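# Notes for the structure review
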Amino acid sequence: FVFLPFITFAGSERPQSSPQAVEVGSIAPDFTLENMQGEKVSLAQFRGKVVILNFWATWCPPCRNEMPSMEVLHQTFKDDDLVLLAINVEKEGRKQVARFLQESPYSFPILLDDENQVLMRYRVFQYPESFIVDRSGVVVKKVIGAVHWMGGDLYNLLHFMVKG
């Protein structure tokens with residue numbers, strides 16, 4: 001892995017009563033969020049595919065740094081049952097992401113968690129943070145911090161999960 005810095009919430013922003021953290025080996029909790037086109041997208045609709053859930057924000061430099069390799073990964077495997085869902089966690093997400101995409105267009109799906117319901121359900125406190133979910137819905141890897149998605153052990157894991 002090539003780890004880049006990540007951003008951590010201030011302690012006071014951490015929810016006081018949140019569910020147990022999503023860990024490797026557990027079933028990824030289902031959710032439904034809107035994409036940038038206003039369509040409802042749920043995790044359950046991708047059962048049978050390998051899914052990467054990437055929590056990010058437009059103001060997060062490490063998040064922005066890993067996006068070009070996420071785009072290449074998406075383009076490489078989009079026809080091979082790999083789904084990349086970039087979950088934006090900003091309060092004014094639709095407006096912020098639209099502005100961001102004008103400067104840096106990406107084709108992978110971006111979902112809006114502007115009320116932080118999914119963020120809290122997954123207990124995400126650092127950006128970027130990603131979860132790799134196998135075809136049966138089990139979290140097989142949790143990645144904290146920005147990575148280069150197109151190389152090393154992480155790429156090899158995804159290639160094996162998708163291609164066998």
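Provided above is the structure to which this section pertains.
Everything numeric here is computed off the predicted structure, so don't read it as measured data. (Residues numbered from 1 in each chain as written. Predicted model: local features only at pLDDT ≥ 70, side-chain atom pairs only at ≥ 80, totals over all residues. Heavy atoms only, no water.)

### As for the side chain of S42
Applicable threshold: We count a stretch as a helix when DSSP gives it H or I for four or more residues in a row; a strand needs E for two or more, and each element gets its number in order from the N terminus. When a residue's accessible area, from a 1.4 Å probe over protein chains only, is under 20% of the maximum for its type it is buried; when over 50% it is exposed; and in between it is partly exposed. Any pair of residues with heavy atoms lying within 4.5 Å of one another is described as a contacting pair.
Following the sequence through the fold, S42 ends up in strand β3 (residues 40–42). Under the relative-accessibility criterion, S42 is labelled buried at 15%. What S42 contacts, discounting residues up to four positions off in sequence, is D30, F31 and T32.

### Some points on helix α4 (residues 152–163)
Put simply, the test is: By this rule the span expected of a helix is its residue count minus one, scaled by 1.5 Å.
Compared with the 16 Å implied by 1.5 Å per residue over 12 residues, the 16 Å span of α4 between its first and last C-alpha is a close match. At its buried positions, α4 is contacted by β4 (50–56), α1 (61–77), β5 (82–88), β8 (129–133) and β9 (139–144). Where α4 terminates, the next one or two residues include G164, which has phi positive at roughly 85°.

### Some details on the pairing of β5
This is how the line gets drawn: For two strands to be treated as a pair, DSSP must find at least two bridges joining them. Note on handedness: a clockwise path from strand one over the helix to strand two, with the strands aimed away from the viewer, defines a right-handed crossover.
Among the seven residues in β5, seven count as buried, and that is most of the element. Of the two faces of β5, the one holding L82, L84, A86 and N88 and the one holding V83, L85 and I87 are both buried throughout. Summarising the sheet, β4 and β5 pair through seven bridges and their orientation is parallel. Residue pairing for β5: V51 is matched across the bridge by V83. In terms of handedness, the path from β4 via α1 over to β5 forms a crossover that is right-handed.

### Here's the deal with the packing of aromatic side chains
As a reminder of what qualifies: Stacked, tilted and edge-to-face are the three classes applied to pairs of Phe, Tyr and Trp rings, where Trp contributes its six-membered ring and a pair requires centres within 6.5 Å; stacked means planes under 30 degrees apart, edge-to-face means over 60, and tilted covers the rest.
Under the defined criterion, the tally for this structure stands at nine aromatic pairs. Ring plane angle 80° and centroid distance 6.2 Å describe the contact between F31 and Y122, whose orientation is recorded as edge-to-face. Of the two residues, F31 is situated in the loop between β1 (7–8) and β2 (32–35) and Y122 in helix α3 (residues 117–122); the sequence distance between them amounts to 91 residues. Judged by its relative accessible area of 0%, Y122 is buried. When the centroid spacing of 5.8 Å and the interplanar angle of 40° are considered together, the rings of F77 and Y155 count as tilted. Of this pair, F77 sits in helix α1 while Y155 sits in helix α4; the two residues are 78 residues apart in sequence, bridging distant segments of the chain.

Limitation: the analysis is restricted to geometry and does not speak to function.
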